[in-house]
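# Fold and geometry: a report
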Amino acid sequence: MGCSFFWKMLVKVIDISGGLKCRTLAIRNAFSQMLKLSGLENMALGVYIVSPAEILRYNRIHRQKAKPTDILSFRYPPTDCSEEFGEIIFCPKIIYKRCTGGRLNCPQVGFQSRLLRLFAHAVCHLAGHDHQTTHEYKNMRIFETRLLNLVRPIEFIRPRRNKFELMGVIPK
């Protein structure tokens, strides 16, 4: 009669992007905080960091869109083994590209805050919010902002080091 274990806010982060080096522990902690603040503390969550080609594949399959997106979220019903399960798939290369040279044109600091906002946006979807109408959009944006105000800023991407720093030498 069901499984003998119980999921309690399990967040697993897997980086298969081969791109920007993400701090998976920081990402896990951010999602854990947001799930708890959203009342989803019993949800098991898989977070996948993927390449542009991989997120394009997911976007084609699940949204029938032939272009890459920055983040996707999916919520699955409870089973005998878990309360609820969710998945979040995101591509830091696409997010970074949109921040630095694309639509948003924001610097590195903007990339970190954009990533956090996208995380909050994904958790809003997991919590049942949507943005199909103006009213839904406003309510979702309020919920997103509440999450962002309660979660402390985190650096999600490891800073790049130049060859001198890697050798332990500081150039003059």
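My aim in this report is to walk through the structure given alongside it, one point at a time.

Let us look at the overall build of the protein. In terms of regular secondary structure, the protein is built from six helices and four strands. Reading the protein from its N terminus to its C terminus gives the helix and strand order β-α-β-α-β-β-α-α-α-α. The proportion of buried residues among the 172 residues of the protein is 38%. Of the contacts formed within the protein by residues at least 6 apart in sequence, a portion of 65% connects residues at least 24 apart.

Although it is not a glycine, Gln64 sits at a positive phi angle of roughly 55 degrees. Among the residues examined, Gln64 registers a relative accessible area of 62% and is labelled exposed.

Another point: the packing of aromatic side chains. Following the criterion strictly, the structure yields three aromatic pairs and no others. Taking 4.5 Å as the distance between ring centres and 40 degrees as the angle between the ring planes, the aromatic pair formed by Phe31 and Phe119 counts as tilted. Residue Phe31 is located in helix α1 (residues 24–37), and its partner Phe119 is located in helix α4 (residues 108–126); the two are separated by 88 residues in the primary sequence. For Phe31, a relative accessible area of 0% corresponds to the buried category. Note on Phe119: relative accessible area 0%, which makes it buried. Ring geometry for Phe90 and Phe119: centres 5.1 Å apart, planes at 70 degrees, overall edge-to-face. Of this pair, Phe90 sits in strand β4 (residues 84–90) while Phe119 sits in helix α4, placing them 29 residues apart in sequence. With respect to class, Phe90 is no different from Phe119; both count as buried. Through successive ring pairs, a cluster of aromatic residues spans Phe31, Phe90 and Phe119.

With that settled, consider the sheet that holds β4. The strand order β1-β2-β4-β3 describes an open sheet built from four strands, whose pairing is mixed. The two strands at the open ends of the sheet, each matched to only one other strand, are β1 (11–15) and β3 (71–76). Pairwise comparison of adjacent strand axes, ignoring direction, gives a mean angle of 15 degrees for this sheet. In terms of strand pairing, β1 meets strand β2 (residues 43–49) through five bridges, oriented parallel. Note on β2: the bridge partner recorded for Lys12 is Gly46. The sheet contacts of α1 involve β1, β2 and β4, and relative to β1 the element is tilted by about 145 degrees. Running at roughly 50 degrees to β3, helix α2 (residues 52–63) makes contact with β3 and β4 of the sheet.

Scoring rules and cut-offs
Residues numbered from 1 in each chain as written. Predicted model: local features only at pLDDT ≥ 70, side-chain atom pairs only at ≥ 80, totals over all residues. Heavy atoms only, no water. Helix = DSSP H or I, 4+ residues; strand = E, 2+ residues; numbered from the N terminus. Buried < 20%, exposed > 50% of the residue type's maximum accessible area, 1.4 Å probe, protein only. Contact = heavy atoms within 4.5 Å. Phe/Tyr/Trp six-rings, centres within 6.5 Å; stacked < 30°, edge-to-face > 60°. Pairing = 2+ DSSP bridges. Axes fitted to C-alpha atoms, helices over the stretch in contact; angles between N-to-C directions.

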